[in-house]
Amino acid sequence: MFPELSDDEQGSESTVAKSQLQAGVTLAKRYLIQEVVGLGGMGSVYRARDMHFPNVTKLVAVKEMINSAPDPLVRQTIVQNFEREANLLATLHHPSIPKIYDYFTLESRSYLVLEFIHGKDMEAVINETNGFLSEDQVIAWAIELCDVLDYLHNHKPDPIIFRDMKPSNVMINSRGEVVLVDFGIAKAFQSGIKGTMIGTEGYSPPEQYRGEATPAADIYSLGATLHHALTRRDPRLEPPFSFAERPIRRINPAVSPELEAIVNRALEYDPANRFKSAAEMKDALTAVARKTGLLGRLKTIASPVKSEGIKPLWKFKCEDEVRGTPAIHQGTVYIGSYDNNLYALDAADGKFQWKYPTDGGIVSRPLIVEGNVIFGSEDKRLHVVSARSGKVVWTYFTDGPIRSSPTIAEGHIFFGSDDHYLHAVNINTGRMAWRFESADAIRSTPFVMTDMVYFGVESGDYYAVNFRGEMKWRFRSKRAVTSSTVGTGQALYFTSVDATLYALDPRNGWVIWRFRLGKSSISTPCLADDLIIVGAADGFIYAVEARNAKEAWRFRTEHQVNGSPVLYKDSIYCGSVDGSLYCLEYRTGRLRWKFGTEGAITGTPLVYDDVVYFGSTDHYVYALLA
Amino acid sequence: MEKLFRWLFGKHPPSAEKATDVASTAPLTEEQLKAIVSNQNPQYDLPQLVAAAGQSVGKQRELNEDSLLAITATMAGNSGNLPFGLYVVADGMGGHQFGEVASNAAIRTVAGYILKKFSPYLFQIKTNPMEESFQEIMAAAVNEAQRIIQREAPGSGTTLTAALVIGQQVTIAHVGDSRAYFIYPDGRIEAVTRDHSLVQRLQELGHITAEEAENYPHRNVLYKALGQGDVLEPEIFTLAFPQLGTLLICSDGLWGVIGEQEIIRAINESPNLQRACQTLVTAANAAGGPDNISVVLAQLIG
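Positions within a chain are numbered from 1, following the residues in the order the chain's sequence is written. Lettering for chains starts from A, numbering for ligands starts from 1, and both go in the order in which the items are written. Only residues with pLDDT of at least 70 are given local features in this predicted model, and only at 80 or more are side-chain atom pairs given and counted; all residues enter the totals for whole chains, interfaces and linings.

**Topic: the overall build of chain B**
Now for step 1: Strands here are runs of E lasting at least two residues and helices are runs of H or I lasting at least four, both read from the DSSP assignment and numbered beginning at the N terminus. Within chain B one finds 10 helices and 11 strands.
Now for step 2: Neighbour density around each residue's C-beta defines its exposure: 20 or more other C-beta atoms within 10 Å make it buried, 12 or fewer make it exposed, and counts between make it partly exposed, where C-beta atoms are placed from the backbone. Out of the 302 residues in chain B, the part that is buried amounts to 50%.
Now for step 3: Throughout, a residue-residue contact means that the two C-beta atoms, derived from backbone geometry, are no farther apart than 7 Å. A fraction of 75% describes how many contacts in chain B between residues 6 or more apart in sequence connect residues 24 or more apart.

**Section: the overall build of chain A**
Now for step 1: Regarding its fold elements, chain A presents 8 helices and 42 strands.
Now for step 2: Within chain A, buried positions represent 47% of all 626 residues.
Now for step 3: Long-range contacts, defined as pairs at least 24 residues apart, comprise 46% of the intrachain contacts of chain A with a sequence gap of at least 6.

**Focus: the domain arrangement of chain A**
Now for step 1: Domain start and stop points were drawn from an automatic or database domain assignment. Partitioning chain A into structural domains gives domain 1 (16–115), domain 2 (120–188 + 201–292) and domain 3 (517–626).
Now for step 2: One C-alpha centre belongs to domain 1 of chain A, the other to domain 3 of chain A, and the line joining them spans 50 Å.

**Quick look at the confidence of the model for chain A**
Residue and element names in this part refer to chain A.
Now for step 1: Looking at chain A, pLDDT values average 86 and 90% of them are 70 or higher.
Now for step 2: Counting contacts from residues 1–18, a segment whose pLDDT is below 50, to residues more than four positions away or on other chains yields 10 contacts.
Now for step 3: The quantity known as pLDDT measures the predictor's confidence residue by residue, on a range of 0 to 100. Below a pLDDT of 50 lies the segment residues 185–197, which in the model reaches 28 contacts outside its immediate sequence neighbourhood of four places, other chains included.

**Details of the environment of G487 of chain A**
Residue and element names in this part refer to chain A.
Now for step 1: Looking at the secondary structure, you find G487 in strand β28 (residues 486–487).
Now for step 2: For the pair G487 and D505, spaced 18 residues apart in the sequence, the C-alpha separation amounts to 9.7 Å.
Now for step 3: Once residues within four sequence positions are removed from consideration, G487 is found in contact with F447, M449, Y454, L492, Y493 and P506.

**Concerning the environment of I541 of chain A**
Now for step 1: Inspection of the secondary structure puts I541 of chain A in strand β34 (residues 540–545).
Now for step 2: Sequence-distant contacts of I541 of chain A, that is, excluding residues within four places in its chain, are made with I533, G535, R554, F555, T557, V561, P565, C574 and L584 of chain A.

**Observations concerning the environment of C277 of chain B**
Residues and elements named next belong to chain B.
Now for step 1: Tracing the backbone shows C277 in helix α10 (residues 273–286).
Now for step 2: Put simply, C277 and S119 are 158 residues apart on the chain and 29 Å apart in space, counted from C-alpha to C-alpha.
Now for step 3: Those residues in contact with C277 that lie beyond four places of it in its chain are A52, A53, G54, V295 and L297.

**What about the pairing of strand β25 (residues 452–456) of chain A?**
Residue and element names in this part refer to chain A.
Now for step 1: Most of β25 is tucked away, with 5 of its 5 residues classed as buried.
Now for step 2: Going residue by residue along β25, you find M452, Y454 and G456 tucked away on one face and V453 and F455 tucked away on the opposite face as well.
Now for step 3: Note on pairing: two strands pair once DSSP finds at least 2 bridges between them. Hairpin connection, strand β24 (residues 447–449) to β25: the antiparallel pair is bridged by 2 residues, and T450 has positive phi, about 40°.
Now for step 4: Pairing of β25 with strand β26 (residues 461–466), which is carried by 5 bridges, proceeds in the antiparallel orientation. Its bridge partner lying in β26, Y454 is registered against A464.
Now for step 5: If you look at the hairpin formed by β25 and β26, you'll find 4 residues sitting between the two strands, and G460 has a positive phi there, around 100°.

**Thoughts on the nonpolar core**
Now for step 1: Core analysis: the biggest nonpolar cluster contains 185 residues, and V88, V110 and L297 of chain B have the highest contact counts within it.
Now for step 2: Looking at this core, the element that brings in the most residues is helix α5 (residues 134–152) of chain B, giving 10 residues.
Now for step 3: Beyond its immediate chain neighbours, meaning those up to four positions away, L297 of chain B contacts A51, A52, T246, L247, L248, I267, L273, A276 and C277 of chain B.
Now for step 4: In this description, a nonpolar core means buried residues of the types Ala, Val, Leu, Ile, Met, Phe, Trp, Tyr and Cys, linked to one another by C-beta atoms lying within 7 Å. C146, I161, V181 and V255 of chain A belong to the second-largest nonpolar core, a separate cluster that totals 46 residues.

**Some points on the sheet that holds strand β18 (residues 381–386) of chain A**
All names here are of chain A.
Now for step 1: What the 4 strands build is an open sheet, ordered β16-β17-β18-β19; its pairing is antiparallel. This sheet does not close on itself; its edge strands, each paired only once, are β16 (367–369) and β19 (392–397). Within the sheet, the average angular offset between the axes of one strand and its neighbour, ignoring direction, is 20°.
Now for step 2: Relative to strand β17 (residues 372–376), β16 runs antiparallel, the two being bridged by 3 bridges. Across the sheet, L367 pairs through a bridge with I374, a residue of β17. Interaxial angles span 0 to 180 degrees and are taken between N-to-C directions of axes, which are lines fitted to C-alpha atoms, for helices over the stretch in contact.

**Section: the sheet that holds strand β39 (residues 591–596) of chain A**
All names here are of chain A.
Now for step 1: Spatially, the 4 strands line up as an open sheet ordered β36-β37-β38-β39, and their pairing is antiparallel. The open sheet is flanked by β36 (566–568) and β39, the only strands paired with a single partner. Taking the axes of each pair of neighbouring strands and ignoring which way they run, one obtains an average angle of 20° across the sheet.
Now for step 2: Bridge count between strand β37 (residues 571–575) and strand β38 (residues 580–585): 5 bridges; the pairing is antiparallel. Note that in β38 the partner of G575 across the bridge is L581.

**Quick notes on unusual backbone geometry**
Excluding glycine, residues mostly have negative phi values, and the peptide bonds linking residues are mostly trans.
Now for step 1: Backbone geometry at K380 of chain A places phi at a positive 75°, although glycine is not the residue there.
Now for step 2: Looking at the secondary structure, you find K380 of chain A in the loop between β17 and β18.
Now for step 3: Of the residues examined, K380 of chain A has 20 C-beta atoms within 10 Å and is grouped as buried.
Now for step 4: Of note in the backbone geometry, L244 of chain B takes a positive phi value of approximately 65° without being a glycine.
Now for step 5: Locating L244 of chain B in the fold gives a position in the loop between β9 (235–240) and β10 (246–250).
Now for step 6: Owing to 19 C-beta atoms within 10 Å, L244 of chain B belongs among the partly exposed residues under this scheme.

**Some thoughts on the pairing of β39 of chain A**
A regular strand places its side chains on the two faces of the sheet in alternate fashion.
Residue and element names in this part refer to chain A.
Now for step 1: When β38 meets β39, the two strands line up antiparallel, connected through 5 bridges. In the strand pairing of β39, L581 is matched with F595.
Now for step 2: Connecting the antiparallel pair β38 and β39 is a turn made up of 5 residues, with G589 showing a positive phi of about 75°.

**Re helix α5 (residues 215–231) of chain A**
All names here are of chain A.
Now for step 1: For α5, which comprises 17 residues, the first-to-last C-alpha distance of 24 Å matches the rise-based estimate of 24 Å (1.5 Å per residue) to within 8%.
Now for step 2: Across the 17 residues of α5, 17 count as buried, placing the element largely inside the fold.
Now for step 3: Within two residues after α5, R232 carries a phi angle of roughly 65°, on the positive side. A helix is expected to span 1.5 Å for every residue after the first.

**As for the packing of helix α4 (residues 135–153) of chain A against α5 of chain A**
Residue and element names in this part refer to chain A.
Now for step 1: Running from amino to carboxyl end, α4 crosses α5 at an angle of 165°, the nearest separation of the two axes being 11 Å. Between α4 and α5, the crossing angle belongs to the class labelled roughly antiparallel. Between α4 and α5 lies a crossing of right-handed hand. Each of V138, A142, L145, L149 and H153 in α4 lies in contact with α5, whose residues at this interface are P215, D218, L222, L226, A229 and L230.
Now for step 2: Its residues assigned to classes, the contact of α4 with α5 comprises 9 nonpolar, 1 polar and 1 charged. Geometric relationships in this document are graded by angle, where less than 35 degrees denotes roughly parallel, more than 145 denotes roughly antiparallel, 65 to 115 denotes roughly perpendicular, and other angles denote oblique. In this scheme the crossing of two helices becomes right-handed for a clockwise turn of the near helix relative to the far one and left-handed for an anticlockwise turn of less than a right angle. Amino acid classes used here: Ala, Val, Leu, Ile, Met, Phe, Trp, Tyr, Cys and Pro are nonpolar; Asp, Glu, Lys and Arg are charged; the rest, including Gly, are polar.

**Thoughts on the confidence of the model for chain B**
The predicted coordinates of low-pLDDT regions are not to be read in fine detail.
Residues and elements named next belong to chain B.
Now for step 1: Averaged over chain B, the pLDDT score is 83; the fraction of residues at 70 or greater is 82%.
Now for step 2: This model gives residues 39–43 a pLDDT under 50, and the stretch forms 3 contacts once residues within four places in sequence are excluded.
Now for step 3: Taken over the whole predicted complex, pTM reads 0.72, whereas the ipTM for its chain interfaces reads 0.78.

**A few points about the packing of helix α4 (residues 99–123) of chain B against α5 of chain B**
Residue and element names in this part refer to chain B.
Now for step 1: Packing of α4 against α5 leaves a shortest axis separation of 8 Å and a crossing angle of 145°. Along this stretch, α4 crosses α5, giving a crossing that reads as right-handed. Each of V101, A102, A105, A106, T109, V110, Y113, I114 and K117 in α4 lies in contact with α5, whose residues at this interface are I137, A140, A141, V142, E144, A145, I148, I149 and E152.
Now for step 2: In terms of residue class, the contact of α4 with α5 is built from 14 nonpolar, 1 polar and 3 charged.

Right, dumping it as structure tokens:
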């Protein structure tokens, strides 16, 4: 979802800002507020300087709790919880527990002054890491966390149950060590009251719903934290107790089976089946660290993915880059090249059949209708040639290069041109039926559905035009819409250079959802059951759920993904500017195989009869077994 | 239109003797229904949204902690008049202080936020399409409600099931165990939300059976509620409004008390939506009325 703020939201932001302490304010004549470093449910956390040490810069963390509850009883409970946290912290001494310096209450706000931890919380570390955290790193943190849990659980006279182990409560300091923060929770569980009650979220074990807080509960939450760190799947966004449905090694195959087994044991549904103590879990982790050699271990070789050794069925060399998309008809593959020719090749062996020269590069996908091949060229013309002989049937002139691929509906060919027009040309006569003037060059392929033509243009405008060439509605994205559209009766899907995947209502152009991509995109989405799959210039191939715009998976290639993915059986085929064609399992995004070429792949592959056909800027057209 | 529905389908899930009468008649397919309705109703070429609501405190509670809102309008626009509807049910947490404050704040904040966003399109002359998506507006409205509840009544919580209808798209935001259903004239019922309740989850995991679930001691424990937790991830999704069907949103005071068959019958046999709401509320009270009851029904006709 978009972080951008409308006017109204900015309004409410500023009321939050007003209630926050501003930099430069001194609290209790001692703590000079420098900046907000965190936001909690009940107030902010600030970095402040302790002015009792005027000659050195001593930084402290000031945790604020704003007590705005109107009910006096609720207010009192909140203050008691706060003081409980302060008193608890004062009795604890462990390298992974922050030192407490002070606490005080000013009017409706209470403050805790704590050791300032230079670092980031684990949730931020997980989110900011590209790909997965290394197993060694996670094991090292896990051992430290077991150590501090062991300390808390053996506290005298009563064991302390942390109750709120989760990545955002674990700070990683500048030396890479973990520090537990936020001891304030110890949520009281109200039971026995009739009505709807609330449990807790994400990292909590099943028994917490029954009000039981035991060391085994902390072990479960630690398991949940490690699962999140290893898989990048936030359990708060998943149904509770669903870790078993997301096996670690299926998401992140780099994790060792031994570590996976430890995390699974910590996450056992029945507390009796988990580790008996944090110490026991620590021992198990240490054993794995020793075995896999935290001290410089050999990288495992066995990647199950074959990236070498795939032999193409055939390849065919053109005289220049192949950026277009192929089409197939009766055993012949048709594809355009930057050498200005359209080639007809035998689909079985790649044997040259004929070529048809134009006066410009061909980047579009040919359309085959009634024995004719129809395609646009950068020579500004739409060419119609015989599929069998390659002889010209007719041509149609526009006033700009044609990069949009033709679409046929109701006896008319629809295509766009850099001359800003959407052209509707009668297939039999080769004459214009009408043309529709848009705001800019049209490079996308028109999408036709229920008597309407949908297309985006380089200005960022997106049009819905009926079969008489009248505009029904218009939508505006922030940057060019070069991507073509795919759609269902329920929604139209396309991407924009403004780095967004859009879902619009086809009837009126209202936005159903937007999905933020890492960078711009000109890739056309592909529908795969309830997933929308599309590439972007950040190198990722994304799979997004159609009903709620949730990311199902993403796959990283080594360079921009400008071409479009296609679905064939249960695989997605997609090229990347890194030169490889990728074959991914469409439900999980897992790599099945990849095939490297010597140039960028910017077109869309064609898969037909278990063979993948595609071109590369290395001048070759390839055919591989799907 | 409702009369036509009654005439067409009202006799479908009838008493036993009637069932034998129509035994030789196969139920109509959706296509057939569509064909009949469109043939006999050419005057409904523009879709019309109609809705009704009903509430009761129930027979065993003193307080009503449910809140409800139903707004139906038509957006005049260049590409035709668009049906606009906003239907929300919120059920405040009984075990917490301010259950009714939370459900009330949830409704007001969510509805206030959404109506403010759509205000230019409903009440002012404006032609630019909205930039934000339905789902983003819903998410922002729910987050705003989360913030307000945490500020106004910390510790309290509420369920929230909200449906925003624009044209033929219905965007639903859902937290907790109030429910949205699609009910079709041929007697099918489809739950479109999934309860965020412990008992539901344990059942999904196979740890308890449906029978055990009926008597589970922590039946009412939710794992997600508005006002609770630091990260609230409401379920937000968009579906096509059920063709010829009815959208039902209700609190557990309805669905936890009367069965699906009774719900279907009440809707498909009532002459209009108001009467259907009345029938549903009465049925829940007749079955003991253990909890507050809230019901909203909406249909898109034409």
